[in-house]
Amino acid sequence: MMKNLRARRFLYRVVLVLPIFALPSCTMNPATGQSSFTAFMSPQEEIQVGRKEHPKIIKEFGGEYRDAQFNTYVRSVGLKLAKVSDMPNLKFTITVLNDSKVNAFALPGGFVYITRGLLALAENEAEMAGVLAHEIGHVTARHTAERYSQAMATNIGLTMLGVLTSGSGAGGSINQIAGLGAQLYLQGYSREQELESDLLAIKYMSRAGYDPKALQSFFQKMQAHTRLDAKMAGRSASEADQFSFFSTHPRTADRIAQAARLAKTAPVRNPRIERVSFLSRLNGLTFGDDRAQGVRRGRTFSHPDLRFEFIVPPNFSMFNKPDKVLARGPKGSAIIFDMVPRKQSKQIHNLQNFVVSQWGSNLGIRQAERLVINGQEAFTGASRVQSDFGMKDVRLVAIRGRDGTIFRFAFLSPPSMTASLSTVYRHTTYSFRRLSEAEAAAIRPIQIKVKAVKSSDTVQSLSSRQPLEKFKLEWFTLINGLSPNQGLRAGQLIKVISE
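Residues numbered from 1 in each chain as written. Predicted model: local features only at pLDDT ≥ 70, side-chain atom pairs only at ≥ 80, totals over all residues. Heavy atoms only, no water.

### What about the overall build of the protein?
Then, in step 1: Helix and strand counts for the protein come out as 19 helices and 19 strands.
Then, in step 2: Within the protein, the proportion of its 499 residues that are buried is 49%.
Then, in step 3: Taking contacts inside the protein between residues at least 6 apart in sequence as the whole, the part at least 24 apart equals 64%.
Then, in step 4: Only carbon and sulfur atoms are counted for the fraction: they give 53% of the accessible area of the protein, which is about 24300 Å². (Helix = DSSP H or I, 4+ residues; strand = E, 2+ residues; numbered from the N terminus. Buried < 20%, exposed > 50% of the residue type's maximum accessible area, 1.4 Å probe, protein only. Contact = heavy atoms within 4.5 Å. Areas by Shrake-Rupley, 256 points an atom, 1.4 Å probe, with all protein chains shown as cover.)

### Regarding the pairing of strand β14 (residues 376–387)
Then, in step 1: Relative to β14, strand β13 (residues 366–373) runs antiparallel, the two being bridged by six bridges. Bridging from a neighbouring strand, V372 pairs with E377 of β14.
Then, in step 2: Counted along the chain from β13 to the antiparallel partner β14, the turn is two residues long, and its residue N374 has a positive phi close to 50 degrees.
Then, in step 3: Taking the residues between adjacent antiparallel strands as the criterion, β14 and strand β15 (residues 390–400) are bridged by two residues. (Pairing = 2+ DSSP bridges.)

### Regarding the packing of aromatic side chains
The relation between two aromatic rings is expressed through the spacing of the ring centres and the mutual angle of the planes.
Then, in step 1: Applying the stated criterion to the full structure yields 23 aromatic pairs.
Then, in step 2: The interplanar angle of 15 degrees and the centroid separation of 6.3 Å between the aromatic rings of F337 and F407 together place this pair among those described as stacked. In this pair, F337 is assigned in strand β12 (residues 334–339) and F407 in strand β16 (residues 406–413), connecting sequence segments 70 residues apart. Neither F337 nor F407 differs from the other in exposure class; each is buried.
Then, in step 3: Between F337 and F409, the aromatic rings sit 5.0 Å apart at their centres with planes inclined by 55 degrees, giving tilted as the arrangement. Of this pair, F337 sits in strand β12 while F409 sits in strand β16, and the two are 72 residues apart along the sequence. For the pair formed by F337 and F409, the shared burial category is buried.
Then, in step 4: Joined through ring pairs, the aromatic side chains of F301, F308, F310, F316, F337, F407, F409, F411, Y425 and F432 make up one cluster.
Then, in step 5: A cation over a ring is seen here: R281 above Y73, with NZ or CZ 4.2 Å from the ring centre.
Then, in step 6: Sitting over the ring of F319, R328 keeps its end group 5.6 Å from the ring centre. (Phe/Tyr/Trp six-rings, centres within 6.5 Å; stacked < 30°, edge-to-face > 60°. Lys NZ or Arg CZ within 6 Å of the ring centre and 35° of its normal.)

### Regarding the sheet that holds β14
Then, in step 1: One open sheet accounts for seven strands, arranged β10-β11-β12-β16-β15-β14-β13; its pairing is antiparallel. Edge strands, defined here as strands with exactly one partner in the open sheet, are β10 (317–320) and β13. Each neighbouring strand pair of the sheet contributes to a mean axis angle of 20 degrees, computed without reference to strand direction.
Then, in step 2: Contacts between helix α15 (residues 351–359) and the sheet are confined to β13, β14, β15 and β16, with β15 contributing the most and set at about 150 degrees to the helix. (Axes fitted to C-alpha atoms, helices over the stretch in contact; angles between N-to-C directions.)

### Quick word on unusual backbone geometry
Then, in step 1: Phi at K331 is positive, roughly 55 degrees, even though this residue is not glycine.
Then, in step 2: Tracing the chain through its elements places K331 in the loop between β11 (325–328) and β12.
Then, in step 3: Even without being glycine, Q367 reaches a positive phi, approximately 55 degrees.
Then, in step 4: Mapped onto the elements, Q367 comes out in strand β13.

### Side note on the sheet that holds strand β4 (residues 104–107)
Then, in step 1: Strand order in the open sheet formed by three strands is β3-β5-β4, with mixed pairing between adjacent strands. In this open sheet, the two strands that pair with only one neighbour each are β3 (93–97) and β4. Adjacent strand axes in the sheet meet at a mean angle of 20 degrees, parallel and antiparallel pairs treated alike.
Then, in step 2: In the sheet, β4 pairs with strand β5 (residues 111–115) via four bridges, with the strands oriented antiparallel. Along β5, the bridge assignment pairs F105 with Y113.

### Observations concerning the environment of H134
Then, in step 1: Of note, H134 is situated in helix α5 (residues 125–140).
Then, in step 2: Note: C-alpha distance between H134 and L200 (66 residues apart in sequence) is 6.7 Å.
Then, in step 3: Among the polar contacts made by the side chain of H134, one reaches the side chain of H138 at a distance of 3.1 Å. (Polar contact = N/O pair within 3.5 Å; in protein donor to acceptor, adjacent residues only side chain to side chain.)

### Here's the deal with the confidence of the model for the protein
Then, in step 1: Per-chain confidence: the protein averages 83 in pLDDT, with 79% of residues scoring 70 or above.
Then, in step 2: The model gives residues 1–23 a pLDDT under 50, and that stretch makes 13 contacts with residues more than four places away or in other chains. (pLDDT = per-residue confidence, 0-100.)

### Looking at the packing of helix α9 (residues 191–207) against helix α10 (residues 213–232)
Helix-helix packing: each pair is described by the crossing angle between the helix axes and the interaxial distance.
Then, in step 1: Direction vectors running N to C along α9 and α10 enclose 135 degrees, while the axes themselves pass 9 Å from each other. Between α9 and α10, the interaxial angle falls into the category oblique. Residues D198, A201, I202 and M205 of α9 pack against A214, L215 and F219 of α10. (Parallel < 35°, antiparallel > 145°, perpendicular 65-115°, else oblique.)

### Brief notes about the side chain of T226
Then, in step 1: Mapped onto the secondary structure, T226 falls in helix α10.
Then, in step 2: A distance of 2.8 Å separates a polar atom in the side chain of T226 from the backbone oxygen of M222.

### Looking at the nonpolar core
Then, in step 1: Ranked by internal contacts, the top residues of the largest apolar core, which has 61 residues, are F70, V74, L81, I114, M128, L132 and W475.
Then, in step 2: The dominant element in this core, judged by the number of residues it contributes, is α5, at eight residues.
Then, in step 3: Excluding residues within four positions of it along the chain, I114 makes contact with V74, T95, V96, L97, N103, A104, L119, M128, V131 and L132.
Then, in step 4: V312, F316, F407 and F409 belong to the second-largest nonpolar core, a separate cluster that totals 22 residues. (Core = buried A, V, L, I, M, F, W, Y, C linked by side-chain atoms within 4.5 Å.)

### Quick notes on helix α19 (residues 472–480)
Then, in step 1: Residues of α19 that are buried: W475, F476, T477, L478, I479 and N480.
Then, in step 2: Against the buried residues of α19 lie α10, β18 (447–452), α18 (459–464) and β19 (493–498).

### Some points on the packing of helix α3 (residues 68–83) against α5
Then, in step 1: Two elements in contact, α3 and α5, have axes whose closest approach is 9 Å; the angle formed by their N-to-C orientations is 55 degrees. The angle between α3 and α5 falls in the class oblique. Where α3 crosses over α5, the two elements pack in a sense that is right-handed. Counted together, Y73, V74, V77, G78, K80, L81 and A82 of α3 and E125, M128, A129, L132, A133 and I136 of α5 form the full contact between these two elements.
Then, in step 2: Here the residues of the contact of α3 with α5 sort into ten nonpolar, one polar and two charged. (Left-handed = near helix turned anticlockwise from the far one by under 90°. Nonpolar A, V, L, I, M, F, W, Y, C, P; charged D, E, K, R; others polar.)

Listed below in structure tokens is the structure:
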């Protein structure tokens with residue numbers, strides 16, 4: 001028996017080592033000059049992957065931002081950085097996404113994306129260049145090829161181990177390995193790869209004549225945004241500081257420190273910052289929701305294309321998701337709004353049965369009641385359930401629109417607050433109404449406007465006039481990189497969120 005055990009251990013060692021020696025040798029990384037393992041994805045395959053996934057990214061992230069001049073400007077800065085990168089002959093594609101989220105990422109083969117939500121935070125062209133240079137660094141360092149190749153090597157090792165120890169065929173495992181790649185293209189990079197891209201960003205910025213310290217200042221904005229995002233969601237700042245805008249990135253604080261160190265090693269004489277020209281182009285940028293996504297304005301959510309609106313209670317923070325609107329209130333109270341798919345709506349003939357036996361089938365609905373909401377048939381029911389966050393009272397409301405579409409509200413509250421929230425929840429329910437064509441046509445998204453400070457302006461006075469329900473001061477100081485008590489000088493250009 002001991003002999004068999006020793007033989008099996010030897011097999012494990014052989015199997016785990018074999019794939020490494022059987023694979024092609026490591027290649028020299030064009031950006032870092034270090035040896036990297038990219039055996040399973042060639043540069044030509046990287047380009048093919050990028051071309052294949054590019055249309056999917058455009059569709060998933062709201063399409064390309066609809067401002068041709070602004071897109072051309074951002075693209076020109078990105079291509080300028082690409083020309084001084086370690087892959088100057090690679091054809092890069094730089095895209096501004098019509099997405100309010102703060103994000104930037106790259107696909108292999110030279111496809112770089114930056115959202116309008118991120119650009120709203122930037123103060124100057126140098127900060128924007130830092131973000132673009134970082135994503136270009138992921139491409140030139142071939143980080144996706146590294147991750148893909150490492151995953152493939154690991155799975156080949158595991159597959160061989162399974163074959164040798166079980167005596168079974170390898171066909172099923174090979175099929176699984178063949179399907180691994182698509183899941184890895186957009187997953188987060190490792191800590192080392194992120195910090196490596198920061199280093200490359202500093203190098204490319206310096207080569208293009210930009211102030212490398214702008215990468216550090218933008219990371220500080222990212223840290224402030226992460227904290228505000230956490231505050232809006234009811235989380236603590238200490239929780240927010242553990243992550244940057246990508247869930248798998250190094251902590252933003254670490255990246256700020258590294259960027260500061262790197263900037264000192266790559267000084268630029270008369271560095272380009274281009275604040276005034278950048279702000280002039282940023283003027284009019286859509287902030288927050290686009291018309292096609294539905295627009296939040298204070299406590300009101302309006303959807304001009306689907307022609308409806310409703311109002312959430314005071315002290316609730318609204319979040320516009322691709323498939324729902326979520327409003328968070330005090331002590332874990334919440335409102336979730338969504339729509340039943342149109343095809344499914346047409347198959348629902350009995351609204352009471354839908355609420356009690358389909359949508360609320362696992363809730364034990366009670367207090368079922370028929371309603372009429374602004375001339376529209378509706379049905380409601382309530383229940384008390386045990387959730388991951390404790391006991392919750394749940395009230396469901398389904399509304400059938402005149403065109404047959406079914407709209408849904410789910411109102412959640414801790415039992416201790418149900419009575420006090422009852423009135424405001426009813427107000428939200430009965431605020432739901434359909435918009436006329438004229439009302440829908442008049443809805444416009446809010447924008448970033450650039451204005452010169454007047455002598456009478458203060459941070460408090462300018463922030464208070466923004467069309468936001470909550471966090472007016474926090475948003476104003478964030479997009480301008482200011483502190484709440486910082487003084488302004490007459491003539492200074494600042495960004496405001498405006499109608």
